[in-house]
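# Per-entry structural report
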There are 4 protein chains.
Amino acid sequence: MDYSKLKLSEEKVFKDPVHRYIHVRDQVIWDLIGTKEFQRLRRIRQLGTTYFTFHGAEHSRFGHSLGVYEIVRRITDDIFKGRPNWNEKDRMLSLCAALLHDLGHGPFSHSFEKVFNLDHEEFTQQIILGDTEVNSVLRKVSRNFPKKVAEVIAKTYENKLVTSLISSQLDADRMDYLLRDAYFTGVSYGHFDIERLLRVIRPHEDQAVFKYSGMHAVEDYIMSRYQMYWQVYFHPVTRSAEVILTKILHRAKELHDAYYEFKYQPVHFYSLFEDELTLQDYLKLDEHIILYYIEVWQEENDEILQDLCTRFINRNFFKYVEFDPAKEFKIHNQLEKLFQEVGIDPNYYLVLDSSSDLPYDFYRPGEEEERLPINLLMGNGELKELSRESDIVDAISGKRRTDHKLYFPFDLIKDETTHAEKKKQIVELLERF
Amino acid sequence: MDYSKLKLSEEKVFKDPVHRYIHVRDQVIWDLIGTKEFQRLRRIRQLGTTYFTFHGAEHSRFGHSLGVYEIVRRITDDIFKGRPNWNEKDRMLSLCAALLHDLGHGPFSHSFEKVFNLDHEEFTQQIILGDTEVNSVLRKVSRNFPKKVAEVIAKTYENKLVTSLISSQLDADRMDYLLRDAYFTGVSYGHFDIERLLRVIRPHEDQAVFKYSGMHAVEDYIMSRYQMYWQVYFHPVTRSAEVILTKILHRAKELHDAYYEFKYQPVHFYSLFEDELTLQDYLKLDEHIILYYIEVWQEENDEILQDLCTRFINRNFFKYVEFDPAKEFKIHNQLEKLFQEVGIDPNYYLVLDSSSDLPYDFYRPGEEEERLPINLLMGNGELKELSRESDIVDAISGKRRTDHKLYFPFDLIKDETTHAEKKKQIVELLERF
Amino acid sequence: MDYSKLKLSEEKVFKDPVHRYIHVRDQVIWDLIGTKEFQRLRRIRQLGTTYFTFHGAEHSRFGHSLGVYEIVRRITDDIFKGRPNWNEKDRMLSLCAALLHDLGHGPFSHSFEKVFNLDHEEFTQQIILGDTEVNSVLRKVSRNFPKKVAEVIAKTYENKLVTSLISSQLDADRMDYLLRDAYFTGVSYGHFDIERLLRVIRPHEDQAVFKYSGMHAVEDYIMSRYQMYWQVYFHPVTRSAEVILTKILHRAKELHDAYYEFKYQPVHFYSLFEDELTLQDYLKLDEHIILYYIEVWQEENDEILQDLCTRFINRNFFKYVEFDPAKEFKIHNQLEKLFQEVGIDPNYYLVLDSSSDLPYDFYRPGEEEERLPINLLMGNGELKELSRESDIVDAISGKRRTDHKLYFPFDLIKDETTHAEKKKQIVELLERF
Amino acid sequence: MDYSKLKLSEEKVFKDPVHRYIHVRDQVIWDLIGTKEFQRLRRIRQLGTTYFTFHGAEHSRFGHSLGVYEIVRRITDDIFKGRPNWNEKDRMLSLCAALLHDLGHGPFSHSFEKVFNLDHEEFTQQIILGDTEVNSVLRKVSRNFPKKVAEVIAKTYENKLVTSLISSQLDADRMDYLLRDAYFTGVSYGHFDIERLLRVIRPHEDQAVFKYSGMHAVEDYIMSRYQMYWQVYFHPVTRSAEVILTKILHRAKELHDAYYEFKYQPVHFYSLFEDELTLQDYLKLDEHIILYYIEVWQEENDEILQDLCTRFINRNFFKYVEFDPAKEFKIHNQLEKLFQEVGIDPNYYLVLDSSSDLPYDFYRPGEEEERLPINLLMGNGELKELSRESDIVDAISGKRRTDHKLYFPFDLIKDETTHAEKKKQIVELLERF
């Protein structure tokens with residue numbers, strides 16, 4: 001029998017706080033969930049270091065991946081099925097791409113990608129196409145099925161309608177993570193009427209679109225997204241934790257490069273440090289492994305590594321001020337010099353961090369990242385770009401907001417047992433902001 | 001100034017999905033939360049292996065501890081304050097005991113305590129009384145304050161009213177964990193009207209009691225508790241994960257005792273295996289450390305250890321049948337013999353597990369664990385034991401429910417490449433249940 | 001084309017707080033909702049006088065009727081469709097019966113039925129079978145369709161499976177009203193996992209049954225029902241409002257019989273008083289009409305009518321004591337006599353009221369009202385009666401709980417400007433309870 | 001004892017779906033709730049005809065008034081108490097003004113005010129200052145207390161801080177109604193973090209302000225308000241119901257003026273029609289009374305009155321098209337003429353209706369309605385106007401949105417048994433929009 005159509009004898013159900021239940025009837029999906037590469041997502045938190053700020057945000061990418069699958073399942077089975085522009089053959093492809101879209105995420109992706117120049121999307125491709133349990137399940141569907149799934153996730157698949165379900169300015173990925181992250185953090189933002197959105201989504205030629213009657217639900221989604229970015233994802237304390245984590249990774253690599261003798265050898269990091277990371281090495285990395293090292297490195301002799309690890313584990317983070325590096329490069333130089341002079345290495349202890357977001361934008365051809373706009377389906381069958389119909393979206397459309405912060409260890413600077421005078425100067429400089 | 005009365009210049013707030021916000025105004029509480037022993041609770045999940053069954057249940061004991069504190073804070077500050085029987089001097093003591101009551105929990109407590117004969121309550125005592133950051137904060141209140149906090153948690157404190165807030169059949173601990181575990185698992189059970197309970201709780205001579213007008217909320221709590229036990233806490237899949245974890249620990253110790261050469265030396269386990277565990281060793285144990293070992297031990301040469309670890313990591317657990325060992329000891333013996341014969345070690349692969357709960361009981365003097373009943377405060381000031389007033393509680397009062405299961409690796413037994421005949425016998429024996 | 005299969009060109013949707021959305025795709029259902037008899041349900045509150053106790057409970061039977069329809073629609077379309085024992089021909093019949101099951105309810109049914117010896121179920125039959133807009137819609141399906149719908153509601157329809165969806169110990173009617181009444185009152189009881197129940201409901205020979213795996217959800221439903229009865233439906237203040245309403249109706253009829261000259265003629269009541277009520281008269285009665293009379297009768301000359309109406313409008317109800325009439329008939333006689341003596345007519349001002357409920361019962365042949373038990377569908381296809389499997393349901397099964405109260409106007413008795421001595425005796429007698 | 005400080009022996013509690021519980025400890029508040037003028041609010045729906053669109057919106061102004069009181073109680077007792085700028089003497093004044101702010105609302109205020117040129121705020125003043133139960137309770141506080149309460153509601157009270165709690169761009173009134181109307185309609189808009197807003201509200205010299213840290217909660221409130229206005233309050237079906245109601249009132253007055261002989265004499269309307277309405281007459285008007293007349297007038301001989309009443313009762317409303325009267329006055333004239341010619345009176349059956357809202361605005365001196373802006377309290381104690389800090393509020397600030405619709409009875413125009421040709425012309429003209 002056609003494996004892609006094989007149904008479980010009894011539907012399987014996952015209890016999910018966001019969607020109540022996640023339903024699995026397809027053998028392919030069930031088998032994918034059981035692979036070790038997918039189970040690995042249980043060991044990677046959805047929001048990295050955010051749990052230090054919102055203690056409820058301890059949820060993993062496992063639940064989120066199931067959630068995105070469930071949303072696409074509802075779209076394809078309850079809404080798209082039988083409608084023009086929708087090809088039932090793309091159903092299983094969409095479901096698999098939804099389930100697997102985050103498969104290549106590593107622990108604390110943001111910091112790791114920055115420090116080691118990695119790309120989780122690249123690893124997602126490798127896992128799907130390489131010698132893995134996931135690949136062997138997908139291959140049972142057909143020989144070129146893994147390639148197709150990889151293409152959908154990479155946004156190179158020919159049918160853009162399928163792609164738009166997984167990645168666009170209003171896709172299943174974003175719908176799930178906004179609701180899920182709001183639920184687990186406990187914030188009251190991030191809620192929008194997903195039931196309504198799912199009822200008005202329609203397959204169009206090369207994009208999923210939304211019936212005009214659901215415009216207010218789309219507006220609400222845009223606003224929720226805006227609030228979540230600035231209140232949760234870019235929270236300054238979370239970013240402070242990430243600053244420290246990034247510096248731990250930097251320091252460990254620097255020590256390794258300098259032939260420092262670790263008490264606890266970073267065996268899981270070797271290939272990463274040597275820039276020879278294989279897929280198998282990568283798959284062994286998860287948050288337990290990373291946190292194991294950070295915990296044991298609290299006992300290392302290197303003062304900087306030991307201090308940063310202890311700060312991370314005990315949540316003793318850096319403080320911050322608003323600081324625009326473009327305007328204030330002189331003061332930044334002064335601060336760097338003063339940090340050197342008081343014996344606090346500014347490479348590790350004086351850190352600029354910027355966050356930036358564009359809440360929504362219509363298509364601006366030629367821009368570096370061309371964005372597919374959200375289109376509304378009017379009663380007469382025409383499409384209209386969202387910001388033309390919505391005053392409120394128009395008002396914020398294309399308005400990028402950026403925030404710069406300078407992070408530093410206030411406890412060290414405050415400690416006036418040494419270099420009291422210069423530390424006072426540092427404090428004075430920082431207090432201007 | 002009196003440290004126990006020192007207030008923060010600005011109230012600190014934690015966003016919490018269960019209580020919306022957790023409020024901290026006392027310097028003592030703020031300092032306790034900042035200790036490394038308390039921050040360690042972030043690294044220990046509230047429900048151990050339950051996240052394998054309910055993927056949302058990834059929350060840690062950190063949030064729960066804050067939650068219990070918040071409930072007691074509301075009771076003392078909003079309800080008890082100024083009432084007869086309540087001594088305002090016990091406020092800070094109650095808050096600290098609430099916050100710290102779970103401090104001694106280790107990773108996967110249930111399994112560890114069973115295998116290594118540990119007692120998390122004993123460690124809570126040691127952390128509070130020993131050379132720790134927590135102890136040094138508590139000592140700043142007064143020299144004998146740590147001892148008092150430890151007594152409240154140990155239920156030996158002279159003022160039983162204080163004790164009853166933290167541990168009784170309806171206490172802040174249970175209120176928080178039922179609501180919290182229901183929230184994170186996403187089940188619809190476990191909800192009861194905590195607002196109502198907090199409004200009707202009153203200080204009585206040696207116990208917190210509940211005004212009669214809140215009886216229905218108390219009933220609802222009892223029912224919620226009942227449902228959570230059987231549907232979440234005793235879920236057979238969770239127990240299957242625990243069975244495997246327990247056997248991993250057994251195997252590792254057995255190998256250690258037999259001078260097996262580990263590829264990855266269990267340095268964090270040495271003192272545990274040798275029965276020389278110090279408090280400092282214990283505090284280093286958390287789920288990241290344990291899961292690090294389970295992950296790397298997938299590469300060990302010992303087949304049993306390697307197999308069990310791989311099962312745990314990839315969620316490939318044992319199957320089960322209902323099995324009453326008292327009635328079926330003959331069949332159990334037969335199965336053990338057959339397992340030996342087909343080369344599957346029954347010490348690791350044929351495991352009995354029992355769960356048992358008493359939903360509520362009134363005081364039955366002389367019983368092994370005397371339980372303080374829940375008392376209702378009548379309009380005339382008298383107390384009445386709950387089950388005398390509530391038909392529904394009376395109906396289930398004192399009725400212990402027990403469940404026995406026999407766990408085994410169905411995949412190995414199914415594999416008929418060897419010992420096909422005897423494996424069929426095993427299957428036949430198991431299919432009777 | 002077959003009218004019963006006619007679909008709307010675009011699905012219609014009602015926003016509903018309980019089920020999020022109510023979906024209508026069938027022309028028949030849409031037409032029924034538009035009839036004036038169905039729209040009339042907007043003018044009859046779901047919970048009668050309960051809004052005096054829980055101010056949120058102002059919701060009408062209109063929303064409840066839509067809710068019951070929506071539940072049955074989900075059962076038939078999402079669960080039963082295509083399964084053995086289920087005949088797709090019964091779909092539209094089930095939907096109509098669900099939508100219309102409460103059609104005959106009048107304003108404050110409980111009081112009206114008691115005083116005027118009416119039966120709302122009888123009126124439901126008449127509306128469906130008589131000369132009404134509802135009947136003419138139903139007749140368009142087929143000539144004997146109205147009769148079938150009426151039979152399902154009357155529980156005389158041959159296919160008991162269909163009947164059980166609308167009226168049994170766990171039916172769509174109860175599921176909706178428990179959730180809805182909990183929502184609008186705002187109580188935290190009344191919640192159970194309807195998603196789970198709907199997923200495990202199965203068509204059986206002559207009854208809808210529930211898969212064993214959903215037993216805990218069924219238990220939770222039983223407990224919710226129990227709590228709602230005693231905390232909301234039988235709330236003593238609500239009953240006090242009903243006592244007064246009942247006495248208003250009594251008094252108006254008595255005055256009418258005595259040829260009293262009303263300032264505001266009770267034209268809408270004439271046929272009711274004369275026991276000549278027609279269907280058309282009945283359909284004109286709703287809460288606006290009734291409350292209009294109660295409001296204007298505040299200006300009547302008859303002291304009792306005027307007083308009772310003013311009490312009702314301004315929520316100045318009677319007080320109550322627990323009072324078992326069987327045990328205390330002597331005191332009751334004494335009180336009646338004293339009331340007479342102090343000039344307070346005991347026929348209107350000393351009122352016994354009893355509430356009684358049986359939370360669940362299995363089938364007890366020969367009892368006055370034989371109840372169909374809730375059956376669980378076991379893995380092997382057998383049925384087991386709920387209380388045999390559930391300890392908690394077994395514990396309360398068949399246990400009827402009854403509550404008696406004696407209502408009286410405390411303000412009048414307290415007023416010692418006349419008959420001070422005897423009023424003191426009354427107070428003393430009442431204070432015993 | 002000072003009546004304004006008298007506490008109830010036991011706190012009274014109302015179960016409320018929005019705030020969980022509403023707490024009353026003050027005798028004054030308890031007495032006010034018991035007055036017949038306040039109980040009357042139970043008979044006036046919060047959202048007028050909205051229940052025809054959102055069937056859950058059947059809630060009355062009674063619950064809303066309690067809700068506004070509860071919010072102000074929390075602000076004064078939990079937040080403002082003891083802070084600079086707050087005078088504890090204003091507490092009871094604020095509570096009473098909050099509770100009574102809507103006291104003068106009549107049934108379907110919007111329509112009645114328009115047709116009869118009434119002003120509910122004027123009646124609120126009269127009830128508070130006139131010969132009422134409310135006035136006599138307030139007078140017990142002090143002789144000029146009623147006047148002060150009236151001034152706060154009229155925004156003429158000298159202490160603008162108190163006024164701003166009840167009426168400003170972010171006040172207790174709006175907070176409650178947005179949450180409450182969202183709850184009862186069941187829409188997913190309208191939610192914002194009231195807990196957060198209440199935690200950051202601070203008394204300032206002449207206004208309540210919000211700490212900067214709560215800015216995102218304020219933004220969320222502004223967005224919720226925007227969504228509620230356009231999706232709930234200005235819903236075109238609701239406006240259609242209002243159009244009909246308005247025309248019923250017009251017709252009844254016109255008939256009265258023309259000495260038409262009513263079957264059911266509009267005795268409750270006489271003084272309204274004659275423009276001699278007294279406070280006592282006004283207080284007798286409520287939705288039961290009005291709906292009584294609309295129901296019985298279905299039997300009147302006047303065709304227009306009878307038709308409009310029947311449409312209202314059976315929810316057979318007018319259809320609509322978008323129609324800007326400024327641009328399209330020619331077509332409007334044509335339509336009026338055609339309506340005349342086909343015998344449909346355009347005065348009753350061709351109705352323009354406009355809705356307009358300004359989501360937020362800062363202070364623009366000299367404008368017709370000067371609006372107090374929302375101010376944020378910065379860390380350094382300065383105030384900043386919201387739109388200067390919030391990009392998203394700035395984007396919509398001062399942008400008025402207006403919507404015009406033309407309503408007409410499509411069923412009558414469609415009916416081509418007479419004037420077929422001209423009706424076709426009407427349809428063609430309308431179809432342009």
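All figures in this text were calculated on a predicted structure; none of them were measured in a lab.

## Observations regarding the relation of the copies chain A and chain B
- Mapping chain A onto chain B is achieved by rotating through 180° and translating by 0.0 Å along the same axis, at an RMSD of 0.0 Å. The transformation just described matches what one would write down for a two-fold rotation axis. The position closest to the rotation axis in chain A is occupied by the C-alpha of H288(A), lying 2.2 Å away.
- Most of the interface of chain A is mirrored in chain B, where 96% of its interface residues are also at the interface.

## A closer look at the interface of chain D and chain A
- Listed as interface residues are 18 residues of chain D and, on the opposing side, 18 residues of chain A.
- Going through the elements one at a time, helix 12 (215-233) and helix 21 (391-396) of chain D are the ones with two or more residues in the side of chain D that touches chain A.
- No other element matches the 7 residues that helix 12 of chain D contributes to the side of chain D that touches chain A.
- The residue inventory of the side of chain D that touches chain A, partitioned by class, reads 8 nonpolar, 5 polar and 5 charged.

## Notes on the sheet that holds strand 7 (residues 375-377) of chain D
Residue and element names in this part refer to chain D.
- Across the sheet, 4 strands lie side by side as 3-4-7-8; this open sheet has mixed pairing. Of all strands in the sheet, those bounded by a partner on one side alone are strand 3 (201-203) and strand 8 (383-385). Averaged over all neighbouring strand pairs, the angle between strand axes comes to 45°, with direction disregarded.
- Bridge count for strand 4 (residues 208-211) against strand 7 is 2 bridges, and the pairing is parallel. Counterpart to F210 in the pairing with strand 7 is L376.

## Section: the UniProt feature "domain: HD" (unreviewed entry) in chain A
- When the UniProt feature table is mapped onto this chain numbering, "domain: HD" (unreviewed entry) sits at residues 61-178 of chain A.
- Between the first and last C-alpha atoms of residues 61-178 of chain A the distance is 13 Å; the span itself is 69% helix and 0% strand.

## Comments concerning the packing of helix 13 (residues 236-257) of chain B against helix 17 (residues 303-314) of chain B
Residue and element names in this part refer to chain B.
- One can describe the packing of helix 13 onto helix 17 by two numbers: an axis separation of 9 Å at closest approach and a directional angle of 150°. As the angle between them shows, helix 13 and helix 17 are arranged roughly antiparallel. Crossing of helix 13 against helix 17: the hand is left-handed. Counting all contacts with helix 13, which are made through A241, I244, L245, K247, I248, R251, A252 and L255, the residues of helix 17 involved are I304, L305, L308, C309, R311 and F312.

## Some points on the domain arrangement of chain A
Residues and elements named next belong to chain A.
- On domain assignment, one finds that chain A holds domain 1 (3-233) and domain 2 (236-355 + 404-431).
- The gap between the C-alpha centroids of domain 1 and domain 2 is 34 Å.
- On the domain 2 side, the residues contacting the 23 residues of domain 1 number 18 residues.
- Mapped onto the side of domain 1 that touches domain 2, the elements with two or more residues apiece are helix 5 (109-116) and helix 6 (120-129).
- Looking at which element gives the most residues to the side of domain 1 that touches domain 2, the answer is helix 5, with 6 residues.

## Some points on the relation of the copies chain D and chain A
- By a simple turn and slide, chain D fits onto chain A: the slide is 0.1 Å along the axis, the RMSD is 0.1 Å, and the turn is 179°.
- Mapped onto chain A, 100% of the interface residues of chain D are again interface residues, and the two copies thus contact each other with one and the same surface.

## What to know about the interface of chain A and chain B
- Contacts between the two partners involve 27 residues from chain A and, on the opposite side, 27 residues from chain B.
- At the level of secondary structure, the elements contributing two or more residues to the side of chain A that touches chain B comprise strand 1 (7-16), helix 2 (36-39), helix 3 (61-80), helix 10 (172-185) and helix 16 (287-296) of chain A.
- Sorting elements by how many residues they give to the side of chain A that touches chain B places helix 16 of chain A first, with 5 residues.
- In the side of chain A that touches chain B, the residues fall into 10 nonpolar, 10 polar and 7 charged.

## Side note on the pairing of strand 1 (residues 7-16) of chain B
- Two strands pair when backbone bridges link them, and strand 1 of chain B and strand 2 (residues 20-26) of chain B are joined in this way by 6 bridges, in the antiparallel orientation. Pairing of F14(B) across the sheet is with I22(B), part of strand 2 of chain B.

## What about helix 18 (residues 329-342) of chain B?
- Its 14 residues give helix 18 of chain B an end-to-end C-alpha distance of 20 Å, which sits within 8% of 20 Å, the value for a rise of 1.5 Å per residue.
- Where helix 18 of chain B terminates, the next one or two residues include G343(B), which has phi positive at roughly 85°.

## Looking at the environment of S9(A)
Residue and element names in this part refer to chain A.
- Turning to its location among the elements, S9 is positioned in strand 1.
- Take S9: there are 5 C-beta atoms within 10 Å of it, and that puts it in the exposed class.
- Along the primary structure S9 and D26 are separated by 17 residues, whereas in three dimensions their C-alpha atoms are 9.6 Å apart.

Reading the values: rules and limits
- Residues numbered from 1 in each chain as written.
- Chains lettered and ligands numbered in written order.
- Predicted model: local features only at pLDDT ≥ 70, side-chain atom pairs only at ≥ 80, totals over all residues.
- Least-squares fit on C-alpha atoms with pLDDT ≥ 70 in both.
- Contact = placed C-beta atoms within 7 Å.
- Helix = DSSP H or I, 4+ residues; strand = E, 2+ residues; numbered from the N terminus.
- Nonpolar A, V, L, I, M, F, W, Y, C, P; charged D, E, K, R; others polar.
- Pairing = 2+ DSSP bridges.
- Axes fitted to C-alpha atoms, helices over the stretch in contact; angles between N-to-C directions.
- UniProt positions renumbered as here; feature names shortened; annotations may be inferred.
- Parallel < 35°, antiparallel > 145°, perpendicular 65-115°, else oblique.
- Left-handed = near helix turned anticlockwise from the far one by under 90°.
- Domains from an automatic or database assignment.
- Expected span 1.5 Å × (residues − 1).
- Buried ≥ 20, exposed ≤ 12 C-beta atoms within 10 Å, placed from the backbone.

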